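Architecture at a glance
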Amino acid sequence: MLNVLVCDDDKQIVEAIDIYLTQEGYHVLKAYDGMEALSQLRTNDVHLLIIDVMMPKLDGIRATLKIREESSIPIIILSAKSEDSDKILGLNIGADDYVTKPFNPLELVARVKSQLRRYTQLGSANMAGEVNIYRNGGLTINDENKEVTVDGDLIKLTPIEYNILLLLVKNAGKVFSINQIYESIWNEEAIGADNTVAVHIRHIREKIEINPKEPRYLKVVWGIGYKVEKL
């Protein structure tokens, strides 16, 4: 059984998260400040940490810094919407993901599953000979079998969706205009292609993103086009 440590000075939030994670088969350990979290990590085999930013004694940012000196376990930061700077700082110092308060418990559970799959999966890096396999973060495209997985889960895409995603993943970090995407995939001149491409992009996001409104992979670059973030 995988152990998840939940750290928040709001005991009601800890209890609520405990209920949802326990239902999914995880064993939940609890802490109510950063010092308690460090103590739990020293005495227990923890596979993932959920930690709030604002806490007494030792806040989530400083606790994350200390944890990263010794451990690479997945860390999910909890932050209020007004704490954007803390959220960004948390990711910069080693947190793997963040969830803003108030949050949907089912989204948090999905993010926990995503991080744990990635953490426990072996051989995530490209190996020699895998010329038709493209990986970016937890997103993998096997162009030999025309299969797409996200954190180990098989994703069903239409041929057009697959080809758009393959184009963007193979060129991760590069921004493609709507016309460039259309002409590359449909092999014809792009005339009034905006809605066509936008609909397919939306469908791809719905299938590969935990939260399509805050995409991790497929990003819009306003006024220019789309790209897959290089992770």
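Everything numeric in this text was worked out from a predicted model, so none of it was measured. (Residues numbered from 1 in each chain as written. Predicted model: local features only at pLDDT ≥ 70, side-chain atom pairs only at ≥ 80, totals over all residues. Heavy atoms only, no water.)

1. Side note on the packing of helix α7 (residues 178-186) against helix α8 (residues 194-208)
Two numbers describe how α7 lies on α8: the axes approach to 9 Å, and their chain directions differ by 80°. In terms of axis orientation, α7 runs roughly perpendicular to α8. For the pair α7 and α8, the contacting residues are Ile178, Ile181, Tyr182 and Trp186 in the first and Asp194, Thr196, Val197 and His200 in the second. Here the contact of α7 with α8 is built from residues that sort into 5 nonpolar, 2 polar and 1 charged. (Axes fitted to C-alpha atoms, helices over the stretch in contact; angles between N-to-C directions. Helix = DSSP H or I, 4+ residues; strand = E, 2+ residues; numbered from the N terminus. Parallel < 35°, antiparallel > 145°, perpendicular 65-115°, else oblique. Contact = heavy atoms within 4.5 Å. Nonpolar A, V, L, I, M, F, W, Y, C, P; charged D, E, K, R; others polar.)

2. As for the environment of glutamate 189
Looking at the element boundaries, glutamate 189 is found in the loop between α7 and α8. C-alpha of glutamate 189 to C-alpha of asparagine 179: the two residues are 10 residues apart in sequence and 8.0 Å apart in space. Those residues in contact with glutamate 189, other than ones at most four positions away along the chain, are Tyr182 and Glu183.

3. Re helix α1 (residues 11-23)
A rise of 1.5 Å per residue sets the reference length of α1, with its 13 residues, at 18 Å; its end C-alpha atoms lie 18 Å apart and thus fit the reference within 8%. Those residues of α1 lying buried are Ile13, Val14, Ile17, Asp18 and Leu21. Projected onto a plane normal to the axis of α1, the buried residues spread over an arc of 140° and lie on a single side. Projecting away from the buried face of α1 at angles above 90 degrees are the exposed residues Gln12, Ile19 and Gln23. (Expected span 1.5 Å × (residues − 1). Buried < 20%, exposed > 50% of the residue type's maximum accessible area, 1.4 Å probe, protein only. Arc of directions from axis to C-beta.)

4. Overview of the nonpolar core
Formed by 28 residues in total, the largest nonpolar core has its most connected members in Val148, Leu165, Leu168, Ile181, Val197 and Ile208. Listing elements by their share of this core, those giving two or more residues are β7 (139-142), β8 (147-150), α6 (159-170), α7, α8 and β11 (225-228). The element that contributes the greatest number of residues to this core is α6, accounting for 7 residues. With near-sequence residues (within four places) excluded, leucine 168 lies in contact with Phe176, Ile181, Ile201, Leu218, Tyr226 and Val228. (Core = buried A, V, L, I, M, F, W, Y, C linked by side-chain atoms within 4.5 Å.)

5. Description of a nonpolar patch on the surface
Together, Ile19, Tyr20 and Leu106 make up an exposed nonpolar region whose accessible area comes to about 300 Å². Of note, tyrosine 20 is situated in helix α1. Taking the relative accessible area as the measure of exposure, tyrosine 20 reaches 33% and is therefore partly exposed. (Patch = residues over 30% accessible without salt bridge, like charges linked within 9 Å, V, L, I, M, F, W, Y side chains within 5 Å. Areas by Shrake-Rupley, 256 points an atom, 1.4 Å probe, with all protein chains shown as cover. Salt bridge = Lys/Arg side-chain N within 4 Å of Asp/Glu carboxyl O.)

6. What about the confidence of the model for the protein?
Overall, the predicted model of the protein reaches an average pLDDT of 87, with 92% of residues at or above 70. Here residues 122-129 scores under 50 on pLDDT; set against residues more than four positions off or in separate chains, the count is 6 contacts. (pLDDT = per-residue confidence, 0-100.)

7. Considerations on α8
When the terminal C-alpha atoms of α8 are compared, their 21 Å separation across 15 residues agrees well with the 21 Å that a helix rising 1.5 Å per residue should span. When α8 is considered as a whole, its buried residues turn out to be Val197, His200, Ile201, Ile204, Arg205 and Ile208. Angularly, the buried residues of α8 cover 140° about the axis, an arc narrow enough to put them on a single face. In the core, the buried residues of α8 are packed alongside β8, β9 (153-155), α6, α7, β10 (218-221) and β11.

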